[in-house]
Amino acid sequence: KAGVTQTPRYLIKTRGQQVTLSCSPISGHRSVSWYQQTPGQGLQFLFEYFSETQRNKGNFPGRFSGRQFSNSRSEMNVSTLELGDSALYLCASSPREGGNQPQHFGDGTRLSIL
Amino acid sequence: QKEVEQDPGPLSVPEGAIVSLNCTYSNSAFQYFMWYRQYSRKGPELLMYTYSSGNKEDGRFTAQVDKSSKYISLFIRDSQPSDSATYLCATSNAGGTSYGKLTFGQGTILTVHP
């Protein structure tokens, strides 16, 4: 069974640009969550999608957005990139939504802002 | 104060040692507890998942939860060099407004030397 797939693996952008990251969940999983990982702040929750609806959002500015498609694939978008957005962006999937669902992570997209 | 506190280490042990990794949490609403292992340049890999106080064993790994003390532990028996990684504890609520949100500790860097 294929795991969570994230593309691209690495991305270099400059300040002010925007970026879109993609996540394909494990087959049959319908909930997708996104996290930002940095050395200083660790893993922080961005948002969670289920049935194409954002169900929960972390404490990030509105420049961070996402969506989920009918096949459960998800994308996240960051507009007007800032140097502080440099991070590893991780996607996780679970069969259903809810805190009782263990989440399985992809290997992330490493975003570097110049 | 972070909701989940984890000693970042680093922790260095000889091969064959018993490793003890620990986290404390402050939110009584946390009901589910997970341990993840993250190798360099990879996403977190789910090791253990539990929702009750007590012990859960899986091979060389034992997860322990004490809800009265808000304390969670991971023990690794007969540690191997391949166990060298960052270990992350994570918690989640049963539901409510926290759908899909995992709260992570900072991670402990473990090195097992031959």
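Scoring rules and cut-offs
Residues numbered from 1 in each chain as written. Chains lettered and ligands numbered in written order. Predicted model: local features only at pLDDT ≥ 70, side-chain atom pairs only at ≥ 80, totals over all residues. Heavy atoms only, no water. Phe/Tyr/Trp six-rings, centres within 6.5 Å; stacked < 30°, edge-to-face > 60°. Buried < 20%, exposed > 50% of the residue type's maximum accessible area, 1.4 Å probe, protein only. Helix = DSSP H or I, 4+ residues; strand = E, 2+ residues; numbered from the N terminus. Contact = heavy atoms within 4.5 Å. Polar contact = N/O pair within 3.5 Å; in protein donor to acceptor, adjacent residues only side chain to side chain. Disulfide = S-S within 2.5 Å.

1. A closer look at the packing of aromatic side chains
Then, in step 1: All told, the structure shown has 13 aromatic pairs over all chains when counted by the stated rule.
Then, in step 2: Seen in terms of ring centroids, A:Phe47 and A:Tyr49 are 5.7 Å apart; in terms of plane orientation they differ by 70°. Their pairing is edge-to-face.
Then, in step 3: Taking relative accessible area as the criterion, A:Phe47 reaches 1% and is therefore assigned buried.
Then, in step 4: Both rings, one in A:Phe105 and one in B:Tyr36, keep their centres 5.3 Å apart while their planes meet at 90°; by these two values the pair is edge-to-face.

2. With respect to the environment of A:Gly3
Residue and element names in this part refer to chain A.
Then, in step 1: Locating Gly-3 in the fold gives a position in the segment before strand 1 (5–7).
Then, in step 2: Residues Gly-3 and Ala-92, 89 residues apart in the sequence, show an inter-C-alpha distance of 9.8 Å.
Then, in step 3: Among residues more than four places away in sequence, those in contact with Gly-3 are Ser-24, Pro-25 and Ile-26.

3. Notes on the environment of B:Ala29
All names here are of chain B.
Then, in step 1: Tracing the sequence through the fold places Ala-29 in the loop between strand 3 (19–25) and strand 4 (30–38).
Then, in step 2: When its relative accessible area of 35% is taken as the criterion, Ala-29 is described as partly exposed.
Then, in step 3: Residues Ala-29 and Tyr-87, 58 residues apart in the sequence, show an inter-C-alpha distance of 23 Å.

4. Here we look at the environment of A:Ser31
Residue and element names in this part refer to chain A.
Then, in step 1: With respect to the helices, strands and loops of the structure, Ser-31 is situated in strand 4 (residues 31–38).
Then, in step 2: Between the C-alpha atoms of Ser-31 and Thr-53, which are 22 residues apart in sequence, the distance is 9.7 Å.
Then, in step 3: Ignoring sequence-local partners within four residues, the contact set of Ser-31 consists of Glu-48, Tyr-49, Phe-50, Ala-92, Ser-93, Ser-94, Pro-95, Arg-96 and Glu-97.
Then, in step 4: A distance of 2.5 Å separates polar atoms of two side chains, one belonging to Ser-31 and the other to Glu-48.

5. A few points about the state of the cysteines
Residues and elements named next belong to chain A.
Then, in step 1: Tallied over the full model, the rule gives two disulfides over all chains.
Then, in step 2: Cys-23 shares a disulfide with Cys-91; S-S distance 1.8 Å. Taking the sign of the S-S torsion, about -55° here, the bridge from Cys-23 to Cys-91 comes out left-handed. Placement of the pair is Cys-23 in strand 3 (residues 19–24) and Cys-91 in strand 9 (residues 87–94), with a sequence separation of 68 residues.
Then, in step 3: Overall, Cys-23 belongs to the buried group, its relative accessible area being 0%.

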